[in-house]
Amino acid sequence: MAKLTKNQQKYVLKYYIFLPIAVLLFTSFLCYFRLIARNAHGNLTHIIKWDVLDYTYPLLLFISDSIRSFIFPLWNPYQYSGIPCALNPGTIAYNPICLFAIFLKGYSLELLQLHTFLVFFIAGLSMYFCLRSFSLSKTASLIGAISFMSCGFFVAGAEYFTLINMLAFLPVCLMFLNRLLDRLDFRSLGYGAFTIAI
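Conventions used here
- Residues numbered from 1 in each chain as written.
- Predicted model: local features only at pLDDT ≥ 70, side-chain atom pairs only at ≥ 80, totals over all residues.
- Heavy atoms only, no water.
- Helix = DSSP H or I, 4+ residues; strand = E, 2+ residues; numbered from the N terminus.
- Expected span 1.5 Å × (residues − 1).
- Bend = angle between axes of the 7 residues up to and from the residue.
- Core = buried A, V, L, I, M, F, W, Y, C linked by side-chain atoms within 4.5 Å.
- Buried < 20%, exposed > 50% of the residue type's maximum accessible area, 1.4 Å probe, protein only.
- Contact = heavy atoms within 4.5 Å.
- Phe/Tyr/Trp six-rings, centres within 6.5 Å; stacked < 30°, edge-to-face > 60°.
- Axes fitted to C-alpha atoms, helices over the stretch in contact; angles between N-to-C directions.
- Parallel < 35°, antiparallel > 145°, perpendicular 65-115°, else oblique.
- Left-handed = near helix turned anticlockwise from the far one by under 90°.
- Nonpolar A, V, L, I, M, F, W, Y, C, P; charged D, E, K, R; others polar.

Asks: An account of helix H7 (residues 161–182) is requested, with residue identities and associated values reported.
Replies: End to end, H7 covers 33 Å across 22 residues, agreeing with the expected 32 Å (1.5 Å per residue, within 8%). The principal kink in H7, of about 35°, is found at leucine 170, preceding the proline proline 171 by one to four residues.

Asks: Explain the nonpolar core to me, and be specific about the residues and the numbers.
Replies: Counting residues in hydrophobic clusters, the biggest one holds 41 residues, and the most contacted among them are Leu24, Leu60, Ile63, Tyr107, Leu112, Phe154 and Phe161. Sorting the residues of this core by element identifies helix H1 (6–32), helix H2 (51–68), helix H3 (96–104), helix H4 (109–133), helix H5 (138–149) and H7 as the ones contributing at least two each. No other element matches H4, which puts twelve residues into this core. In this view, leucine 24 contacts Phe121, Gly124, Leu125, Tyr128, Leu142, Ala145, Ile146 and Met149; residues no more than four positions away in its chain are not counted.

Asks: I'd love a proper account of the packing of aromatic side chains, names of residues and values included.
Replies: Under the defined criterion, the tally for this structure stands at six aromatic pairs. Judged by centre distance (5.8 Å) and plane angle (70°), the ring pair of phenylalanine 62 and tyrosine 78 falls under edge-to-face. Taken together, the residues span a long stretch of sequence, with phenylalanine 62 in helix H2 and tyrosine 78 in the loop between strand S1 (75–76) and strand S2 (83–84) at a distance of 16 residues. Phenylalanine 62 sits in the buried class, given a relative accessible area of 13%. Given a relative accessible area of 67%, tyrosine 78 falls into the exposed group. Linked through ring pairs, Phe120, Phe148, Phe153 and Phe154 together constitute an aromatic cluster.

Asks: Can you lay out the environment of proline 89 for me, pointing to particular residues and giving the numbers?
Replies: Topologically, proline 89 is positioned in the loop between S2 and H3. Residues proline 89 and alanine 168, 79 residues apart in the sequence, show an inter-C-alpha distance of 15 Å.

Asks: I'd like a description of the packing of H2 against H3, backed by residues and values.
Replies: Across the interface, H2 lies against H3 with an axial gap of 9 Å and an inter-helix angle of 55°. It follows from the interaxial angle that H2 and H3 lie oblique. Like other packed secondary-structure pairs, H2 and H3 cross with a definite hand, here right-handed. Here Leu60, Ile63, Ser64, Ile67 and Arg68 of H2 come into contact with H3, specifically with Cys98, Leu99, Ile102, Phe103 and Leu104. Residues that form the contact of H2 with H3 fall into these classes: eight nonpolar, one polar and one charged.

Asks: Which residues make up the environment of leucine 125, and what are the values?
Replies: Checked against the element boundaries, leucine 125 lands in helix H4. Spatially, the C-alpha atoms of leucine 125 and valine 172 are 9.2 Å apart, while their sequence positions differ by 47 residues. Not counting chain neighbours up to four residues away, the residues in contact with leucine 125 comprise Ile21 and Leu24.

Asks: Now, about the environment of leucine 24: what can you tell me, with residues and values included?
Replies: Counting through the fold element by element, leucine 24 comes out in helix H1. The class for leucine 24 is buried, based on a relative accessible area of 0%. Distance in space between the C-alpha atoms of leucine 24 and arginine 68 is 33 Å, their sequence separation being 44 residues.

Next up, the structure:
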């Protein structure tokens, strides 16, 4: 294979990496813009409803306030007469997006909605890279990623916040599992274990 010049390398980088990411971000915005849209006064125009607002949001606020106060959130005494918090996988306390938001600013309703928007984008991005690893074309991978991130479960099941957070990373887990089945590679094993832990 011939060696690429610097201009050709820049073009390849733009075409193969940035264009699909831009298309997925644009599609995420088209499908889910109401999550981050604001009115003229700077307020959110739409608020997430149901379980996300009633269960997940108070739980994330408790985790955020506890961690920012240097208290390990082992038990949440404020919901259902007390529930386990830190070791409960349903709390998504160790999700990287949650932890980043907690350490950056603390959790708020605006960050919850931005987090939900990012989960949809990450779902599309992870499916794109998964399908590319299965040797599908860029177009087929992009169509598959858009279909995945805008499928009925993500749209109607957004109230199941912990599930959509988990399913957003599922294609990446499958990608590393496929790499492991092809050849035993400890790097793929480590990346796969990290994505499963997320």
